[in-house]
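Fold and contact review
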Amino acid sequence: MHPVILVFCVFFGFMETDDRMGCGSGSQNVTLERTGFVRCSVVSESGRIFAVTRADRGLVLEEIREQGERTPYPDAEWNRTEPAIDPVTHFMNIRCIIIDEHDCLWILDGGAATCAKGAKLVQISLAENRVSRLISLDDVVLSRTFNFETMRIDSAQQTIYITDTQIPELLVVDLEKGTSHLEQHI
């Protein structure tokens, strides 16, 4: 039996609660003590806790284990933030995390602000603890300013919808084709 779930996102000093996002789904009541700043968190059906936290070098994705042990997820290499790293194969600006119905963790990464590269969706199989898919969103970032906010997955349609923080647009990502397009909503 799982405890009641609380999923929270912290943006610029205030906290939002939302049982649908982690900004993700499948939430359970969790207490993240001594972890410092938590941008967002999500809990898998099996009770595994994942959080985007602030480290000395920036935001990192971690799995929070028993007794509050924090482990870079899926590994330390993806979470490196030195200036000379490849923004395509490392987390640069994690905006949102969510777990789909197939027990995969999806990470929305806004990419490197300094070079407008590395915007991507990363899918991690929780069964295998490895990156299973990477979808580049650089074309959207390079074509105009898109400020990633959050995402929702429609598994039946094999689609991810990503919102913009400033403009009433959706970035629609076709998971079967690995392509994306913008839809403007007024």
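Residues numbered from 1 in each chain as written. Predicted model: local features only at pLDDT ≥ 70, side-chain atom pairs only at ≥ 80, totals over all residues. Heavy atoms only, no water.

With that out of the way, let us pick up the sheet that holds strand E12 (residues 159–164). The four strands are arranged E11-E12-E13-E14 in an open sheet whose pairing can be described as antiparallel. Each edge of the sheet is formed by a strand with only one pairing partner; in this case those strands are strand E11 (148–154) and strand E14 (179–184). The sheet shows a mean angle of 25° between the axes of neighbouring strands, taken without regard to direction. Strand direction decides the pairing type here: E12 and strand E13 (residues 169–174), joined by five bridges, are antiparallel. Of the residues in E13, the one forming a bridge with Thr159 is Asp174. (Pairing = 2+ DSSP bridges. Helix = DSSP H or I, 4+ residues; strand = E, 2+ residues; numbered from the N terminus. Axes fitted to C-alpha atoms, helices over the stretch in contact; angles between N-to-C directions.)

This model, assessed by the stated rule, comprises six salt bridges. Across the pair Arg70 and Glu62 runs a salt bridge, and its minimum N-O distance is 2.9 Å. Assessed through its relative accessible area of 29%, Arg70 is described here as partly exposed. The residue Glu63 makes a salt bridge to Arg65 at a minimum N-O spacing of 3.4 Å. A residue is classified by how much of its surface remains accessible, and Glu63, at 6% relative accessible area, is buried. The exposure class assigned to Arg65 is partly exposed, which follows from its relative accessible area of 40%. (Salt bridge = Lys/Arg side-chain N within 4 Å of Asp/Glu carboxyl O. Buried < 20%, exposed > 50% of the residue type's maximum accessible area, 1.4 Å probe, protein only.)

Counting buried residues in strand E8 (residues 104–109) gives six out of six residues, a clear majority hidden from the surface. Of the two faces of E8, the one lined by Cys104, Trp106 and Leu108 and the one lined by Leu105, Ile107 and Asp109 are each fully buried. Pairing between strand E7 (residues 94–99) and E8: five bridges, direction antiparallel. Each residue of the ladder has a partner; that of Ile99, found in E8, is Leu105. Counting the residues in the hairpin turn of E7 and E8 gives four residues, including Asp103, whose phi is positive at 60°. Where E8 lies against strand E9 (residues 120–125), six bridges are found, and the strand directions are antiparallel. Bridge assignment links Trp106 to a residue of E9, and that residue is Gln123.

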